[in-house]
Amino acid sequence: MAQFADNRLPAHGLDADAVMSRLDEFSADDRDWRGGRVFSLVYSGGDDVLDLLTRASNRFSAENALNTMAFPSLGWMQHDIITITIGLLGGDRRPGGSAGVRGYLTSGGTESLLQATKTARDWGRGSRNITRPNMVLATSAHAAFSKASHYFDVECRRVPVTADGSADVGAMADVVDDDTVLVVGSAPSYPHGVIDPIGDLGALALDRGILCHVDACLGGFILPFLGTLGHVTKEWDLSVPGVTSISADLHKYGYASKGVSVILYGDHDLARLQPFITSDWLGGLYGSPSMAGTRPGGPIAAGWAVLHYLGEDGYLRLAGDAHRAASALRACIESTPGIALRGAPDATVFAFGGTTDADADDGLDTFALGDLLIERGGWYFDRQTPPDSLHATVHAGHAAVIEELCTDLTGAVADLAETGTRTADRSTNYGTV
Ligand SMILES: Cc1ncc(COP(=O)(O)O)c(C=O)c1O
């Protein structure tokens, strides 16, 4: 494994090429996402997209979106990204019209969900005098909501999902009380790729007079195109009655560089609760739309660039590629004895694993399967539990390799069935510290 030579600042600066070759050395053990071997963390729209992202990001690598009076370019790009996203996420099909829809860019899905939670807390405080707020969400809702709960002291009431992995709206309604400020749905959920019944969640929110956030961080930039292609028919966006905010990550299926997500609010007054503004110090007016102060220009420019480079036809093509690849992998899983999908996924994200309980002595060990796939072809799937599963985020970059993966997958399952190999390592690893 590559190691830092000395862990200290060099007394004399190195040659730029030498620095770059050290970076290449460090990456020697990184997973091969360029070759389509990684089913987690990276979304690849092709070499041409990567080249554009690199150029756009480099062009704005020094500029700071903290102050769009100094850098109006970054203000315009943000405005443009938000306006485009409003169109994609049903903002202009809202029952009450689109006039009140507002949005902000954040650094990623987690920051968008932190903001949605903080906004809901402040809304409850200001309009309902709620001092001990809670939010109600499925066990499948992203871990970032638990982080938000921890940061902002909003109790997180998680309710078990149904057998198909979907939010159980009836059970969620049972735990909503007078201190509930927010209900959450995912489109789709990270663990099992299921689009929750957003219509029912919106209706629940309307009925109780509370907020409803749709976490479309994962799906926001692919579901609109899968819908156009006829692959997704469920309702999930800001046009659904009762939905008050939605988040979508440009750095996932928008195929942008890391560091850009969008949060939209259906109502101007609600949106106004997000930014922080003060002049109570010696440095003058400090207005900030999200958690960070300094906000890098590179991801914003790259996000703007990829939207315009790909356009609608480009996103339709990539969504079609991702869907074909995901369908092929699903078909392979469904036709291979010994493994099965978890739940009933709706799009291009899902989890799979051994059909018998992983703890049973005679069952296929899902994590041993994951290890074997890495050993065989460098195929990298995140481990998740419960139950023991391998998690697949399938994107357009996988289309070229999916057949090879299916061959390795069926071979690995057959070998494990024969050898009964198990691993003592039961760790999971979606995020690390
Ligand atoms: C549904 C969902 N929400 C939120 C997030 C968090 O996004 P990020 O990793 O950009 O913070 C993810 C990440 O995969 C996700 O799948």
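Residues numbered from 1 in each chain as written. Predicted model: local features only at pLDDT ≥ 70, side-chain atom pairs only at ≥ 80, totals over all residues. Heavy atoms only, no water.

Undergrad: What exactly am I supposed to notice about the overall build of the protein here?
TA: The helix and strand inventory of the protein stands at twelve helices and 13 strands. Compactness check: the protein gives a C-alpha radius of gyration of 22 Å against a globular reference of 22 Å for 433 residues, within 12% of the reference. Dimensions along the principal axes, computed over C-alpha positions, put the protein at roughly 65 × 65 × 45 Å. Within the protein, the proportion of its 433 residues that are buried is 53%. In the protein, of all internal contacts separated by at least 6 residues, the share reaching a separation of at least 24 is 71%. With the model as given, the accessible surface of the protein reaches about 19800 Å², and the carbon-plus-sulfur share is 53%. Distance between charge centroids for the protein: 5 Å, based on 32 positive and 54 negative side chains. (Helix = DSSP H or I, 4+ residues; strand = E, 2+ residues; numbered from the N terminus. Rg over C-alpha atoms; globule rule 2.2 N^0.38 Å. Buried < 20%, exposed > 50% of the residue type's maximum accessible area, 1.4 Å probe, protein only. Contact = heavy atoms within 4.5 Å. Areas by Shrake-Rupley, 256 points an atom, 1.4 Å probe, with all protein chains shown as cover. Lys, Arg positive; Asp, Glu negative; His and termini not counted. Charge placed at Lys NZ, Arg CZ, Asp CG, Glu CD.)

Undergrad: For this particular structure, what's the right way to read the domain arrangement of the protein?
TA: How big an interface is tends to be stated in terms of accessible area lost as the parts join. As assigned here, the protein comprises domain 1 (59–307) and domain 2 (311–419). The distance between the C-alpha centroids of domain 1 and domain 2 comes to 29 Å. Taken together, the 27 residues of domain 1 in the interface contact 26 residues of domain 2. In total, domain 1 and domain 2 occlude about 2000 Å² of area from one another, counting both sides; carbon and sulfur atoms represent 63% of this. (Domains from an automatic or database assignment. Buried area = accessible area lost by both parts, 1.4 Å probe.)

Undergrad: Explain the nonpolar core here, please?
TA: Side chains of a nonpolar character, in soluble globular proteins, are inclined to be buried together. In this structure, W236 and Y255 are the most contacted members of the largest nonpolar core, which totals 70 residues. Sorting elements by how many residues they give to this core places helix α10 (residues 297–335) first, with eleven residues. Counting only domains with at least three residues in this core, you end up with domain 1 (59–307) and domain 2 (311–419). Y255 has contacts with Y43, S44, G45, V49, L53, L250, V306, Y315, L318, A322, H395 and A396, leaving out every residue within four places of it along the chain. Membership of the second largest hydrophobic core comes to 28 residues, among which are A368, W379, I402 and L405. (Core = buried A, V, L, I, M, F, W, Y, C linked by side-chain atoms within 4.5 Å.)

Undergrad: How do you make sense of the side chain of D382 when you look at a structure like this?
TA: Its place among the elements puts D382 in strand β12 (residues 382–384). No salt bridge forms around the buried D382; measuring N to O, its nearest opposite-charge neighbour R31 is 8.4 Å away. Residue contacts for D382: discarding those within four places in its chain leaves S40, Y190, S389, L390, H391, N429 and Y430. (Salt bridge = Lys/Arg side-chain N within 4 Å of Asp/Glu carboxyl O.)

Undergrad: Looking at this structure, how should I read the site of the ligand?
TA: Inspection of the region around the ligand gives 14 residues, with G109, T110, D215, H251 and K252 positioned closest. In this structure, D215 approaches the ligand through a side-chain N or O atom, which is 2.7 Å from a nitrogen atom. Here Y430 contributes a side-chain N or O atom positioned 3.1 Å from an oxygen atom of the ligand. Considered on its own, the ligand offers 390 Å² of accessible surface; in the complex 86% of this is hidden by protein. Classifying every residue of the shell around the ligand gives six nonpolar, five polar and three charged. (Near = heavy atom within 4 Å. Polar contact = N/O pair within 3.5 Å; in protein donor to acceptor, adjacent residues only side chain to side chain. Nonpolar A, V, L, I, M, F, W, Y, C, P; charged D, E, K, R; others polar.)

Undergrad: I would appreciate a short explanation of the packing of aromatic side chains in the present structure.
TA: Two measures describe an aromatic ring pair: the distance that separates the ring centres and the angle between the ring planes. For the structure on display, the rule yields nine aromatic pairs. What links up through ring pairs into an aromatic cluster is the set F39, F352, W379 and F381. Geometry around W379 places R37 over its ring, the cationic atom sitting 3.9 Å from the centre. The aromatic ring of F60 is capped on one face by R59, whose charged end is 4.5 Å from the ring centroid. (Phe/Tyr/Trp six-rings, centres within 6.5 Å; stacked < 30°, edge-to-face > 60°. Lys NZ or Arg CZ within 6 Å of the ring centre and 35° of its normal.)

Undergrad: What am I meant to see in the sheet that holds strand β7 (residues 261–265) here?
TA: The strands that make up a sheet are held in pairs by hydrogen bonds between backbone atoms, and each pair lies either parallel or antiparallel. If you trace the seven strands from one edge of the open sheet to the other, you get β1-β7-β6-β5-β4-β2-β3, paired in mixed fashion. Both outer strands of the open sheet, β1 (102–106) and β3 (155–159), are each paired with one neighbouring strand and no more. Each strand of the sheet is rotated relative to its neighbour by a mean of 20°, with strand direction disregarded. Contacting β4 (180–186) and β5 (211–215), helix α7 (residues 198–208) crosses the sheet at an angle of about 175° to β4. (Pairing = 2+ DSSP bridges. Axes fitted to C-alpha atoms, helices over the stretch in contact; angles between N-to-C directions.)

Undergrad: How should the sheet that holds strand β11 (residues 349–354) be read in this particular structure?
TA: Reading across from one edge, β10-β11-β13-β12 is the order of the four strands in this open sheet, with antiparallel pairing throughout. Where the open sheet ends on each side, the last strands, each with one partner, are β10 (339–341) and β12. Sheet twist, expressed as the mean angle between neighbouring strand axes with direction ignored, is 35°. Where β10 meets β11, three bridges bridge the pair, whose relative direction is antiparallel. Along β11, the bridge assignment pairs A340 with G353.

Undergrad: Where do I start with a nonpolar patch on the surface in this structure?
TA: Taken together, the side chains of L14, V19, M20 and L23 define a hydrophobic patch exposed on the protein surface, amounting to about 350 Å² of accessible area. Within the element layout of this structure, V19 appears in helix α1 (residues 16–26). Judged by its relative accessible area of 34%, V19 falls in the partly exposed class. (Patch = residues over 30% accessible without salt bridge, like charges linked within 9 Å, V, L, I, M, F, W, Y side chains within 5 Å.)

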